[in-house]
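Below are the chains, spelled out letter by letter.
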Amino acid sequence: MQLDALKTFITLVEVNNFTKTSEILHISQPSVSLHIKNLEQELQTTLFIRSPKSVQITPTGEILYKRAKQIMAIAEAAKEDIAAYHQEVQGTLVIGASFTIGEYILPPIIASLQQQFPQLELQIIIGNTKEIIQYTKLLQVDIGLIEGQAHDNELVIKPFMQDELFIVSDSKHPLTKQQPLTADKLQQQSWVAREEGSGTRYYLDHLFRANGLQIHSLLTISSNQGVKESVMQGLGLSLLSACVIERELKNGDMTILRLEGQHFMRTFSYLCSPTMKNKRNVDILIDILIKKHSDSFLVAKLFLWFFSY
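The model shown is predicted, which means the values in this text are computed figures rather than measured ones.

*Asks:* What is the right way to read helix α6 (residues 129-137) from this model?
*Replies:* Because an α-helix completes one turn every 3.6 residues, residues spaced three or four positions apart along the sequence face the same direction. For α6, every residue scored as buried is listed here: T129, I132, I133 and T136. The arc that holds the buried residues of α6, viewed along the axis, is 100°, so those residues lie on one side. Buried residues in α6 make contact with β3 (91-98), β4 (120-127), β5 (143-147), α7 (199-210) and β11 (264-272). Its side-chain oxygen placed 3.2 Å from the backbone nitrogen of K130, N128 serves as the N-cap of α6.

Right under this line is the structure:
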């Protein structure tokens, strides 16, 4: 079974179009068809049901897709192991990150990686926590970085950083003068929230349930920046990560609302398939994550403590 044929097969599954596959791989469309035909003959099965308007993967095609991703990952790991033997870090590292991590935690890590390992090609995919877990399971990313809860026997899941969430409002909100707040003060308030599937949304929903809060309105936005801008425009309260609101607190655009006797802590975790566990490029990222955030969280916590009291 040739790697080129498997690469063609994987690409066709993911883009669902022969022409696009040929363009992505820079090969002719007949070559794409030949790769698929050779695989079908070798495996004695039909991998796709073809029609003039669509390409539909078969159940045996689904089985091959999962294994093909693993084979390609192992092949990539072998290349990296040989490069490591020659004391070079190169190849590709595909990182999936949930929005908060991808937008606020990951950029300095990427800068550090590029400075230390200029031969390493980095690709970043950002989605919500639910999406990143799925991408990692399907081996569409080498490693995922998520906020929120994750329990999956198919993945290796380890914490790398603690994060604190804070209830925030615009600086002119009436509740800013009533601190510390009791839960009843949060009844019938307007809120701005991330979308379902987001780690941040999971904790906001928990806040509502744990305190029996009834809400006046809920505006859902699928980006941290959109949530922040809406809060600053007075459209409602929100629950946001410490790393997301540092600049706005410093500029006086937002205020932390302290809820009496309650703190909202969560863990940022990395996750990967066991296939990727010993991949050198993945190990390098994990080392940087752990070293970089063992101390930086303490600094961030002191900063947020200053603005919340």
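*Asks:* Mind showing me how you'd approach the packing of aromatic side chains here?
*Replies:* Aromatic ring pairs are described here by two measures, namely the spacing of the ring centres and the angle between the planes. Tallied over the full model, the rule gives four aromatic pairs. Between the aromatic rings of F9 and F48, the centroid separation amounts to 5.6 Å while the plane-to-plane angle is 55°, which identifies the pairing as tilted. Of this pair, F9 sits in helix α1 (residues 3-15) while F48 is found in strand β1 (residues 48-50), placing the two residues 39 residues apart along the sequence. Taken individually, F9 and F48 each receive the classification buried, so the pair is uniform in this respect. Where W191 meets F208, the ring centres are 5.2 Å apart and the plane angle is 75°; that geometry is what we call edge-to-face.

*Asks:* I would appreciate a short explanation of the pattern of salt bridges in the present structure.
*Replies:* If charged atoms from side chains of opposite charge come close, those side chains can pair. According to the stated counting rule, one finds nine salt bridges in the structure shown. We note a salt bridge from K69 to E14, for which the minimum N-O separation is 3.2 Å. Of the two residues, K69 is situated in helix α4 (residues 59-85) and E14 in helix α1; the sequence distance between them amounts to 55 residues. A cluster of three or more residues bridged by salt bridges with shared partners is formed by E147, D163 and R266.

*Asks:* Explain the layout of surface pockets to me, please; I cannot follow it from the model alone.
*Replies:* Rolled over the atoms, a probe as big as a water molecule pinpoints where empty space is left. Each pocket or cavity is described by its volume, and for the largest pocket that value is around 800 Å³. Forming the walls of the largest pocket are 24 residues, and the residues nearest its centre are K7, K69, M72, E76 and V94. Elements with a minimum of two residues in the lining of the largest pocket: α1, α2 (18-25), α4, β3 and β4.

*Asks:* Hey, could you run me through the nonpolar core in this one?
*Replies:* Most often, soluble globular proteins keep nonpolar side chains buried together rather than apart. With 43 residues, the main nonpolar core has L93, L113, I143, L145 and I245 as its most contacted residues. Among all residues touching I143, those that are not within four sequence positions of it are L93, V94, I95, G96, Y270, L271, C272, V282, L285 and I286. Residues I167, L186, A193 and Y203 belong to the second largest nonpolar core, which totals 17 residues.

*Asks:* Looking at this structure, I do not really get the side chain of D170. What am I missing?
*Replies:* With respect to the secondary-structure elements, D170 resides in strand β6 (residues 156-170). For the buried D170, which has no salt bridge, the nearest side chain bearing the opposite charge is K172, at an N-O separation of 7.2 Å. Each residue touching D170, except ones within four places of it in the same chain, is listed here: T176, V231, M232, G234, D253 and T255.

*Asks:* Where do I start with a nonpolar patch on the surface in this structure?
*Replies:* The grouping of M1, L3, L43 and I71 at the surface amounts to a nonpolar patch, some 310 Å² of accessible area in total. Mapping L3 onto the fold places it in helix α1.

*Asks:* Could you clarify how one ought to interpret the confidence of the model for the chain in this entry?
*Replies:* Where the model shows low pLDDT, its predicted coordinates should not be examined in detail. Chain-level statistics for the chain give a pLDDT mean of 88 and a share of 92% at 70 or above. By mean pLDDT, helix α10 (residues 280-308) is the weakest element of the chain at 65, and strand β7 (residues 189-193) is the strongest at 97.

*Asks:* Can you walk me through the packing of helix α5 (residues 99-116) against helix α8 (residues 224-232) in this structure?
*Replies:* For any two helices packed against each other, one specifies the inter-axial angle together with the distance between the axes. Viewed as axis vectors pointing N to C, α5 and α8 meet at an angle of 85°, and their least axial separation amounts to 9 Å. One finds that α5 runs roughly perpendicular with respect to α8. Side by side, α5 and α8 meet where F99, T100, E103 and Y104 of the first sit next to N224, Q225 and K228 of the second. Of the residues assigned to the contact of α5 with α8, the class counts are two nonpolar, three polar and two charged.

Basis of the calculations
- Residues numbered from 1 in each chain as written.
- Predicted model: local features only at pLDDT ≥ 70, side-chain atom pairs only at ≥ 80, totals over all residues.
- Heavy atoms only, no water.
- Buried < 20%, exposed > 50% of the residue type's maximum accessible area, 1.4 Å probe, protein only.
- Helix = DSSP H or I, 4+ residues; strand = E, 2+ residues; numbered from the N terminus.
- Arc of directions from axis to C-beta.
- Contact = heavy atoms within 4.5 Å.
- Polar contact = N/O pair within 3.5 Å; in protein donor to acceptor, adjacent residues only side chain to side chain.
- Phe/Tyr/Trp six-rings, centres within 6.5 Å; stacked < 30°, edge-to-face > 60°.
- Salt bridge = Lys/Arg side-chain N within 4 Å of Asp/Glu carboxyl O.
- 1 Å grid on protein atoms, 1.4 Å probe; cavity = no way out; pocket = protein on both sides within 12 Å on 5 of 7 lines; lining within 4 Å.
- Points joined across faces, edges and corners; volume = space filled by probe spheres on them.
- Core = buried A, V, L, I, M, F, W, Y, C linked by side-chain atoms within 4.5 Å.
- Lys, Arg positive; Asp, Glu negative; His and termini not counted.
- Patch = residues over 30% accessible without salt bridge, like charges linked within 9 Å, V, L, I, M, F, W, Y side chains within 5 Å.
- Areas by Shrake-Rupley, 256 points an atom, 1.4 Å probe, with all protein chains shown as cover.
- pLDDT = per-residue confidence, 0-100.
- Axes fitted to C-alpha atoms, helices over the stretch in contact; angles between N-to-C directions.
- Parallel < 35°, antiparallel > 145°, perpendicular 65-115°, else oblique.
- Nonpolar A, V, L, I, M, F, W, Y, C, P; charged D, E, K, R; others polar.

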